[in-house]
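Spelled out from the first residue to the last, the chains are:
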Amino acid sequence: MSTLTPSPTPFYEQTQMLRRAVLWGLPVVLVLLFLVWPYQQWDHERRESILIGWGRWVSKRADWQFCLLVPWLVGWLVWLRRDELYRLPLKGKWQGLLLLGLGLFFFWVGYKANTGYPGFLAVQFVLAGFIMLVAGAAWMRTLFFAWLFLFFTWPMQPLEDSLASPLRPRTAAMAAAVLNAVGVPAINEGSALQSAPDAEKGLQIGDVFSLDVDAKCSGINSLFALMMISALLGYLALKRPRSRLLLFACAVPLAVAGNVVRLLLLVAGTKQFGADFAVGRHIQDHQEMSPYHTFAGFAVFGIALAGMFALCWLLEGREMKANLKRHGKPLAAGEACAIPEPRRTLARLLAALGLPLLVLGICMGTDISFHVAAPGVKLRSDDSRLPYLPLSMGDYQGREFDMTADEKNLLDEGVRLARNVYASAAGRQLMTTVILSGYEKRSLHRPEVCLPNQGWTVTDRTQIPLQMKDGREITIMMMRIFRDTEPQPGVKNRTRAINFYWYIGSDGTTCADHYEHVFLSYYDAVFRNIQHRWAMASIYVPLPEQRVGQEDPMQELSAAEDAREFLAQLAPTFMLTKEEWLKGAQAAGKAP
């Protein structure tokens, strides 16, 4: 009589082994991609991985150090859902390959272009791809908020121009309105907040206090940290999606309100104890913040957090306690991480592990030789670090001006500029500035951001063609701007101006729009192997001051026409042709 020996279970059907493969295999690939692989030249000396470079970068910048806390908070959010995840089966979807492929494409683009933001997107989409491909849609739904919250890990510097910077002049205007309402005469111009002049007391404008909502210490940069806090608080304390969205949207006005209180505290401190005590001392071109200034900065968080908790109570006050208790609540016992389709799970796991390794192989064969190309503008013969501008052009005679102290504080290290003010015999004046970017990305700032902080209002912006005298035709941006002053009560004067600008790339490439120049930076780095060193030409044309409502439109038309004729002659003197650029780049060894 023979006995039947049961055949061993194939390894791909051993669910315990599959769980271990998922538990160990996916983290190993993530570590290899984002913690080990040398990704970007964060310090322009050697490449470091995405996470190591990110950690070094944010740890040096106080405004973004809150990003270091986010991964720990994400881990805590996942821990709160541990029992729910423990009961969910591993039932992946092949649609996760789309998310994984998109993430790996971003990984390669950032690696090739030598920039970090595509790498940040790669982290997000690779994680989403792993979850969908191996674990399934139920896991993705459970972890969706934690995955979204992970976006706060990455410093969103591009949002500063579009979100935080426009709030600075509005914050100064609100603070001035509050001060005037309580009997403290104040005026604001752009992001500046100053005491009003008083002829009876012999006080000039700004004699009592003079503050500027500076980008580096405005308190508005805390907006991104407050947005993170509002998202987390809404998820924990509120249940209805509408309430959560409302709380998140209120982070912006609450940050502005907190910063208004901060400015009021600085004004009070200046009036009582002096500017050195309240604001800090100026040491050469550097502003050293006083302890009182630092304390006032915490008012932003105090006011905003108090507002957030009050809003939560108004929205779902009676339910908040129950909402908080629902997180981390243990579930009934059940099978742990069941694998109903072991063969398909194994196939998806192998795809999740193999595709990133394939992309790393592609990266190994990618040309990543890093060199910043030669600039597309002429440099001075006596100082090759500075752009060239002629001292005379036709009927116009020019005078050189250096970079101001404020510009030195605002612009990144390595940025250089040439500035000439030209005047014609007929009295027309034009200020021409050529700014050469540094070796860091995003060295050039949009005029639409800087001008409002100086008190200007941008009326409109239009792209116009410019036919240069040497036959080249480019597109430039024309902005109409104005700012109003009130020299005496009831009398408003308006100063108008026209500002032209455009961007000049390293190989004769030009564009009129800031975001187009950002796109070309990435596109040419990836597909043409050119790392542009951009320059920006800016021409400011002032118009005579006039009473509000009595502006002469012909003055503006005449000034615009004179400026275009002047630019048609001036631009070829400092813009290299593609042939000139190639010849100079080859001589310097910087040709692509």
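Residues numbered from 1 in each chain as written. Predicted model: local features only at pLDDT ≥ 70, side-chain atom pairs only at ≥ 80, totals over all residues. Heavy atoms only, no water.

## Description of the nonpolar core
At step 1: Judged by nonpolar contacts, the single largest core of 87 residues is most densely connected at Leu26, Leu33, Phe34, Phe107, Phe149 and Leu193.
At step 2: Ranked by residue count, the leading element in this core is helix α10 (residues 223-237), at twelve residues.
At step 3: Those residues within four positions of Phe149 in sequence are excluded, and the remaining contacts are Val70, Leu73, Val74, Leu77, Met228, Ala231 and Leu232.
At step 4: With 34 residues, the next largest nonpolar core counts Met468, Leu543, Ala563 and Leu567 among its residues. (Core = buried A, V, L, I, M, F, W, Y, C linked by side-chain atoms within 4.5 Å. Buried < 20%, exposed > 50% of the residue type's maximum accessible area, 1.4 Å probe, protein only. Helix = DSSP H or I, 4+ residues; strand = E, 2+ residues; numbered from the N terminus. Contact = heavy atoms within 4.5 Å.)

## Description of the environment of Ile50
At step 1: Here Ile50 shows up in helix α2 (residues 50-59).
At step 2: Distance in space between the C-alpha atoms of Ile50 and Tyr39 is 6.0 Å, their sequence separation being eleven residues.
At step 3: If near-sequence neighbours (up to four positions away) are discounted, Ile50 is found in contact with Phe34, Trp37, Tyr39, Trp42, Phe107, Gly119, Phe120 and Val123.

## A closer look at the packing of aromatic side chains
Within a pair of aromatic rings, the relevant descriptors are the distance that separates the centres and the angle that separates the planes.
At step 1: Applying the stated criterion across every chain yields a total of 27 aromatic pairs.
At step 2: Measuring from centroid to centroid gives 5.0 Å for Tyr39 and Phe107, while their planes differ by 50°, and the two rings are tilted. Of this pair, Tyr39 sits in the loop between α1 (15-36) and α2 while Phe107 sits in helix α5 (residues 96-113), and the two are 68 residues apart along the sequence. Each member of the pair, Tyr39 as well as Phe107, is classed as buried. (Phe/Tyr/Trp six-rings, centres within 6.5 Å; stacked < 30°, edge-to-face > 60°.)

## Regarding the sheet that holds strand β1 (residues 186-189)
At step 1: Taken together, three strands build an open sheet; the order of strands is β1-β2-β3 and the sheet is antiparallel. Of all the strands in the sheet, the pair left with one neighbour each is β1 and β3 (210-212). Across the sheet, the axes of successive neighbouring strands diverge by a mean angle of 20°, strand direction being ignored.
At step 2: Note that β1 and strand β2 (residues 192-195) share four bridges and pair antiparallel. By the bridge assignment for β2, Ile187 is matched with Gln194. (Pairing = 2+ DSSP bridges. Axes fitted to C-alpha atoms, helices over the stretch in contact; angles between N-to-C directions.)

## Focus on the pattern of salt bridges
Where side chains of opposite charge bring their charged atoms close, a pairing between them can arise.
At step 1: Tallying each qualifying case throughout the model produces 16 salt bridges.
At step 2: Linking Arg480 and Asp460 is a salt bridge whose minimum nitrogen-to-oxygen distance equals 2.5 Å. With a gap of 20 residues between them, Arg480 in strand β11 (residues 473-488) and Asp460 in strand β10 (residues 457-467) connect regions that are remote in the sequence.
At step 3: Taking relative accessible area as the criterion, Arg480 reaches 25% and is therefore assigned partly exposed.
At step 4: Glu556 serves as the salt-bridge partner of Arg480, at 2.6 Å between the closest nitrogen and oxygen. One end of the pair, Arg480, is in strand β11; the other, Glu556, is in helix α20 (residues 553-574), with 76 residues separating them in the sequence.
At step 5: With relative accessibility at 13%, the residue Glu556 sits in the buried group.
At step 6: Look at the salt bridges and you will find they share partners, linking Asp460, Arg480, Arg496 and Glu556 into a network. (Salt bridge = Lys/Arg side-chain N within 4 Å of Asp/Glu carboxyl O.)

## Some thoughts on a nonpolar patch on the surface
At step 1: A surface patch of nonpolar side chains, about 520 Å² in accessible area, is lined by Val31, Leu32, Leu35, Val36, Leu51, Ile52 and Leu357.
At step 2: Secondary-structure elements contributing two or more residues to the nonpolar patch are α1 and α2.
At step 3: No other element matches α1, which puts four residues into the nonpolar patch.
At step 4: Along the chain, Leu51 turns up in helix α2. (Patch = residues over 30% accessible without salt bridge, like charges linked within 9 Å, V, L, I, M, F, W, Y side chains within 5 Å. Areas by Shrake-Rupley, 256 points an atom, 1.4 Å probe, with all protein chains shown as cover.)

## Quick word on unusual backbone geometry
At step 1: Non-glycine residue Asn114 carries a positive phi angle of around 60°.
At step 2: Its identity as a non-glycine residue notwithstanding, Asn529 has a phi of 60°, on the positive side.
At step 3: Examined against the element boundaries, Asn529 turns out to sit in the loop between α19 (514-527) and β14 (535-542).

## Looking at the pairing of β2
At step 1: If you look at the hairpin formed by β1 and β2, you'll find two residues sitting between the two strands, and Gly190 has a positive phi there, around 65°.
At step 2: The pairing of β2 with β3 spans three bridges and is classified as antiparallel. Residue pairing in the sheet places Ala192 in a bridge with Asp212 of β3.

## Some remarks on the side chain of Ser437
At step 1: Positionally, Ser437 belongs in the loop between β9 (429-436) and α18 (447-453).
At step 2: At a separation of 2.9 Å, a polar atom in the side chain of Ser437 contacts the main-chain carbonyl oxygen of Trp534. (Polar contact = N/O pair within 3.5 Å; in protein donor to acceptor, adjacent residues only side chain to side chain.)

## Quick notes on the environment of Ala237
At step 1: Summarising the element assignment, Ala237 is placed in helix α10.
At step 2: Judged by relative accessible area, Ala237 falls into the buried class, the value being 2%.
At step 3: For the pair Ala237 and Glu319, spaced 82 residues apart in sequence, the C-alpha to C-alpha distance is 8.4 Å.

## Re the pairing of strand β8 (residues 416-424)
At step 1: When strand β7 (residues 396-401) meets β8, the two strands line up antiparallel, connected through six bridges. By the bridge assignment, Glu400 is partnered in β8 with Asn420.
At step 2: Sheet topology places β8 next to β9; eight bridges connect them, and they run antiparallel. What sits directly across from Val421, in β9, is Met431.

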